[in-house]
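Each chain, letter by letter, is given below.
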Amino acid sequence: MKEHEYLSETEQYKKILNNEEISRIKDPVLRSIREKYWDLRNKAFQDEHRIPDSEIGNVFDQLCEKEQHEIAEYRKQREV
């Protein structure tokens, strides 16, 4: 992948990224974190037997909050 195809520092930390954008994150650890939560949201969306439609928004919000927390922790470790 060429350097210019990667997301910028700002773009890779947007709250929501699609799977194509995630694949353009240069840092493999950050990409792994973002992929993990994209996959969890996707699985939650498909788990209609366990998660009712009325609750899916709450599940997404919780996953997003956990993802942002994990990203923040990673950024702190990276800065040390």
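Scroll up a little and you will see the structure.
Treat the numbers as computed from the prediction; the structure is a model and nothing was measured. (Residues numbered from 1 in each chain as written. Predicted model: local features only at pLDDT ≥ 70, side-chain atom pairs only at ≥ 80, totals over all residues. Heavy atoms only, no water.)

Caption draft 1: Quick peek at the overall build of the chain. A tally of regular secondary structure across the chain gives three helices and zero strands. Listing each helix as α and each strand as β along the chain from the N terminus yields α-α-α. Residues counted as buried form 26% of the 80 residues belonging to the chain. If you take every contact in the chain between residues at least 6 apart in sequence, the share linking residues at least 24 apart comes to 36%. Of the roughly 5,900 Å² that the chain leaves accessible, carbon and sulfur atoms contribute 49%. Here the chain contributes 15 positively and 19 negatively charged side chains, and the mean placements of these two sets differ by 4 Å. (Helix = DSSP H or I, 4+ residues; strand = E, 2+ residues; numbered from the N terminus. Buried < 20%, exposed > 50% of the residue type's maximum accessible area, 1.4 Å probe, protein only. Contact = heavy atoms within 4.5 Å. Areas by Shrake-Rupley, 256 points an atom, 1.4 Å probe, with all protein chains shown as cover. Lys, Arg positive; Asp, Glu negative; His and termini not counted. Charge placed at Lys NZ, Arg CZ, Asp CG, Glu CD.)

Caption draft 2: Quick peek at the pattern of salt bridges. Tallying each qualifying case throughout the model produces ten salt bridges. Among the ionic pairs, arginine 78 bridges to aspartate 27, the shortest N-O distance being 3.9 Å. Placement of arginine 78 in helix H3 (residues 53–79) and of aspartate 27 in the loop between helix H1 (19–23) and helix H2 (28–46) is noted, with a sequence separation of 51 residues between them. Exposure remark for aspartate 27: the relative accessible area of 16% places this residue in the buried category. For lysine 36, the salt bridge goes to glutamate 70, with nearest N and O atoms at 2.9 Å. (Salt bridge = Lys/Arg side-chain N within 4 Å of Asp/Glu carboxyl O.)

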